[in-house]
Amino acid sequence: MTQNKYDVAIIGGGISGLSALHFLKHKKPSYTVKLFEADSRLGGTIGTDHIDGFSLDWGPNGFLDREPLTLQMVDQINLTNSLERANDNVENRFILRAGKLRPVPMSPPKFITSDILPISGRLRVMMEPFAKARPADIDESVYDFVKRRIGVQAADYLVQPMVSGVYGGVADRLSLQSCFPIMREMEDEYGSLFKAMIHKAKKAKAEKKKSGSPSGPGGWLTSFTGGLSKIIEQFQEKYQNDIMCNQTAIKIIKTDKLYKITFENGNEVFAHKVIVATPTYKAADLVSELSQSLAQTFNSIPYAPISVICLGYKKENITHNLDGFGFLVPKKENLKILGSIWTSSIFSHRAPNGMVQFRTMVGGDGDHESINLSDDALLDAVQANLDAIVGINGKPTLTKIYRWSRGIPQFKIGHAKIMDKLEKELTQQGNLFITGNAYYGISLNDCIKQSYKVVEQI
């Protein structure tokens, strides 16, 4: 049995724990810090496999380059030269309606003339400035907000697929306030999303920036040459002396002024401060002896299952033009897949010459059963859906399935109250901190910002 004492112990070696480690090493170089990861590898859902000339991302495949903190951190770990911005195809996005891929219009004039919604749906969207105000003091669902402001058809065919593509969620279960706070802020400040977007566009033009949309600030999809896991590999190399893998923490308790962390292998370490950077269901187990109330609050944040199916085909075997980002599938289309990203069309070296790669998502909060399908059944369903949409001749030359039984945290109605309770309980604990994608945002940028704020508190 080994015993050590640290100023700060970090439990969890995903992007949240690793960025917390990085910021601590920069801001508090005199601190003794150690990160403990249960797995034999770092990164959590971030990983990249290189198989037969294909580069396959396990979970997320990029981040938006709008967050200065992320770019600053990338530069500090000497990865700026490895950044790869998606090419212009990323702006060609599609939504399936009535079995046909329809381009997502990227400007109001294009929207008016597009066929992404029937004319009645487009006219309803144009009435947005006259929509009813939000009822006071409610945590409105994303679906109800969109239906109120731009109509049912837009909610079903524009926003629900976007929500399933980002969160793997169901729009009428998710909290607007927690998932897309900028939408709520825009309505509160300007009384209309249209008025807010006009204001933001003028401001962005003056500042020569990308204005974005009601769902969030602008930014360009960005990864690293060879795949997103390069950032994890760089962290591992830079901080290898501060990281211990194969260390499964099972319990945190208080002893005098220190926290004692017990590991599955019998090791124990002590720390003045602890950052828990694990998924909430693991955090709940860790703190169950420390505080049952805190554990229950952690457990009240649900997750949705998600499977990522990577398929490689000969380009000549695909009927549909693949000059685009990919497509999303509205729930009303009654297909198995949530959508598919044409990875090799937006990033270089994701498939060999003459080949293409599809990254297709299945599952989400509206389909908890798919995670239990056999590989053959899952592949059959995905290939049948893809064939019906883009026209595929022949079988894939490569197949790879990544299953995440608890893949994406769900910020459901009431999530803000859960966070208020969580923060109060953590304050009572003193020097116990949390970071991760289950609290204030699920993106890589959100995780890095949360870790930065935690280090600032420390």
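Caption draft 1: Spatial organisation of the overall build of the protein. If you tally the helices and strands in the protein, you get 16 helices and 19 strands. The globule rule puts the C-alpha radius of gyration for 458 residues at 23 Å, and the 23 Å found for the protein is close to it. The principal-axis extents of the C-alpha atoms in the protein amount to approximately 70 × 55 × 45 Å. Expressed as a percentage of the 458 residues in the protein, the buried residues total 54%. In the protein, the proportion of contacts linking residues at least 24 apart, taken out of those at least 6 apart, comes to 71%. Looking at the protein as shown, the accessible area adds up to about 20600 Å², and 50% of this sits on carbon and sulfur atoms. Seen as two clouds, the 55 positive and the 48 negative side-chain charges of the protein have centres 5 Å apart.

Caption draft 2: Examining the environment of leucine 422 more closely. Here leucine 422 shows up in helix α15 (residues 415–429). Classification of leucine 422 by relative accessible area gives buried; the value is 0%. In this structure the C-alpha to C-alpha distance between leucine 422 and leucine 294, which are 128 residues apart in sequence, comes to 6.8 Å. Residues contacting leucine 422, with those up to four places away along its chain left out, are Leu294, Thr297, Phe298, Ile434 and Tyr439.

Caption draft 3: Molecular detail of the sheet that holds strand β6 (residues 83–85). Taken together, the three strands give an open sheet; going across it, the order is β5-β9-β6, and neighbouring strands pair in antiparallel fashion. What marks the edges here is a single partner per strand, and that holds for β5 (63–64) and β6. Where β6 and strand β9 (residues 221–224) come together, three bridges link them in antiparallel fashion. For arginine 85, the partnering residue across the bridge sits in β9 and is threonine 222.

Caption draft 4: Summary view of the pattern of salt bridges. Overall, the coordinates contain 19 salt bridges when judged by the stated rule. A salt bridge links aspartate 242 to lysine 25; its shortest N-O distance comes to 3.3 Å. Separated by 217 residues along the polypeptide, aspartate 242 in the loop between α10 (230–238) and β10 (243–244) and lysine 25 in helix α1 (residues 15–27) bring together distant segments of the chain. You can call aspartate 242 buried: its relative accessible area is 15%. The exposure class assigned to lysine 25 is partly exposed, which follows from its relative accessible area of 25%.

Caption draft 5: Main features of the packing of α1 against α10. Where α1 meets α10, the closest approach of the two axes is 11 Å, and the angle between their N-to-C directions is 45°. Here α1 is positioned oblique relative to α10, judged by the angle of their axes. Where α1 crosses over α10, the handedness of that crossing is left-handed. Contact residues: Ile15, Leu18, Ser19 and His22 in α1; Ile231, Ile232 and Phe235 in α10.

Caption draft 6: Here's a closer look at the pairing of strand β17 (residues 355–363). Counting buried positions over the nine residues of β17 gives nine, a clear majority of the element. Judged from the nine bridges that link them, strand β14 (residues 303–314) and β17 form a sheet pairing that is antiparallel. Directly across from serine 307, in β17, lies its bridge partner valine 362. Sheet topology note: the strand β16 (residues 337–341)/β17 ladder contains four bridges and is antiparallel.

Caption draft 7: Fine view of the sheet that holds β17. The seven strands lie next to each other as β8-β7-β15-β16-β17-β14-β18, forming an open sheet whose pairing is mixed. Pairing within the sheet leaves two strands with one partner each, and these edge strands are β8 (100–103) and β18 (398–409). Strand-to-strand twist across the sheet, computed as the mean angle between neighbouring axes with direction ignored, equals 25°. Both strand β15 (residues 326–328) and β16 contribute to a ladder of three bridges, which runs antiparallel. Bridging from a neighbouring strand, leucine 328 pairs with glycine 339 of β16. Taken strand by strand, helix α6 (residues 152–167) contacts β7 (93–97), β15, β16 and β18, and its axis lies near 115° from that of β7.

How each quantity is defined
Residues numbered from 1 in each chain as written. Predicted model: local features only at pLDDT ≥ 70, side-chain atom pairs only at ≥ 80, totals over all residues. Heavy atoms only, no water. Helix = DSSP H or I, 4+ residues; strand = E, 2+ residues; numbered from the N terminus. Rg over C-alpha atoms; globule rule 2.2 N^0.38 Å. Buried < 20%, exposed > 50% of the residue type's maximum accessible area, 1.4 Å probe, protein only. Contact = heavy atoms within 4.5 Å. Areas by Shrake-Rupley, 256 points an atom, 1.4 Å probe, with all protein chains shown as cover. Lys, Arg positive; Asp, Glu negative; His and termini not counted. Charge placed at Lys NZ, Arg CZ, Asp CG, Glu CD. Pairing = 2+ DSSP bridges. Salt bridge = Lys/Arg side-chain N within 4 Å of Asp/Glu carboxyl O. Axes fitted to C-alpha atoms, helices over the stretch in contact; angles between N-to-C directions. Parallel < 35°, antiparallel > 145°, perpendicular 65-115°, else oblique. Left-handed = near helix turned anticlockwise from the far one by under 90°.

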